[in-house]
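Close look at the chain arrangement
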Amino acid sequence: MKNLLLNIAEWRERLEHDPLAVFLDYDGTLSAIAPTPSEAKLPFATQEILKALVKIKNVKVGIISGRSLSDLRKTVQVSGLTFVGSHGMEIQSEGIASKRVSNQYMQELRELRCRLKGEVRDLSGILLELKPFSLAIHYRKASSGDEKRVKRIVLDICNDAVHQGSISIMSGKKVIEIMPPTAMDKGQAVEKLLKLWGRKKVLPVFIGDDRTDEAAFEVLQDRGLTIRVGESDAHSHAAYYLDSVDDVRTFLRMILCFRISREGVSHDSDAE
Ligand SMILES: [Mg+2]
């Protein structure tokens, strides 16, 4: 893995000239990880860059997150972006329908939440979040003892349903998520959007920091610029890394500068 900022020259030409599809994760990528999801705010400077980027000709920007679509839109508050919530299951774009789940699955999710609530009652720092397609169990504020306990409880309670194939379990940074058995992942969401946007020569760029982003890195590894936020990690499918959320913002600002210097500033009036 290479540091992207130190090797930006390798991509400058394409970032300046190619049609771009920029895919961004939210938590840990655009916003620093916070103790609870509601505390993870989008920095003002990043929001301003996103607002400018969506106005640039031949640049599409999508935010792909595990958050629900409505939460994501409220949190980011930039119009003109394409939002993908629930790890790819909720896509806000004309021409793509969100994935559907059965009533039976949602009923099972509510029952699991009820059982989990009872089981984690004595643990502290656990947050259960029922989303449109999943149940997230956040434990960032839990002690390491309670973290181990909650993981064990979730696995025990879900064991039968996982074996019967009615749910699946996914884990990310300080969160376990109970998902539909045939959950869509971020890789599939990226493929759908690229197909919808229909540009053969488009350069896809994907930036993310967590395990769920690996599906997208894998899909794009031979055709795009894949960037992991955090330290270099030999197990990742991403080819480059950026050290921090601040470096992500620096990189996005670079894209903006490359495009503006090439196209001038009157992009609003340019026809697509
Ligand atoms: Mg993330």
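Residues numbered from 1 in each chain as written. Predicted model: local features only at pLDDT ≥ 70, side-chain atom pairs only at ≥ 80, totals over all residues. Heavy atoms only, no water.

Points about the pairing of strand E8 (residues 168–172)
Examined bridge by bridge, E8 and strand E9 (residues 175–179) share 5 bridges and lie antiparallel to one another. Bridge pairing in E9 places Gly172 opposite Val175. Here E8 folds back onto E9 in antiparallel fashion, the turn holding 2 residues, of which Lys174 has a positive phi close to 55°. (Pairing = 2+ DSSP bridges. Helix = DSSP H or I, 4+ residues; strand = E, 2+ residues; numbered from the N terminus.)

A short note on the coordination of the magnesium ion
The magnesium ion binds to the protein through Asp25 (OD), Asp27 (O) and Asp209 (OD), with metal-donor distances spanning 2.1 Å. When the donors of the magnesium ion are listed by position in the chain, the intervening gaps give D-x1-D-x181-D. In this structure Asp27 comes out as partly exposed when scored by relative accessible area, which is 22%. (Donors = N, O, S within 2.8 Å, 3.2 Å for Na, K, Ca; no water. Buried < 20%, exposed > 50% of the residue type's maximum accessible area, 1.4 Å probe, protein only.)

Side note on the pattern of salt bridges
Overall, the coordinates contain 16 salt bridges when judged by the stated rule. Between Glu177 and Lys131 there is a salt bridge; the shortest N-O distance is 3.0 Å. In this pair, Glu177 is assigned in strand E9 and Lys131 in the loop between strand E6 (127–130) and strand E7 (135–138), connecting sequence segments 46 residues apart. Like Lys131, Glu177 is buried. (Salt bridge = Lys/Arg side-chain N within 4 Å of Asp/Glu carboxyl O.)

Points about the sheet that holds E9
With respect to topology, 4 strands assemble into an open sheet ordered E6-E7-E9-E8, the strand pairing being antiparallel. Every interior strand has two partners, whereas the edge strands, E6 and E8, have only one. Each strand axis lies, on average, 20° off the axis of its neighbour in the sheet, ignoring direction. Those strands touched by helix H4 (residues 103–119) are E6, E7 and E9, and its axis lies near 165° from that of E6. (Axes fitted to C-alpha atoms, helices over the stretch in contact; angles between N-to-C directions. Contact = heavy atoms within 4.5 Å.)

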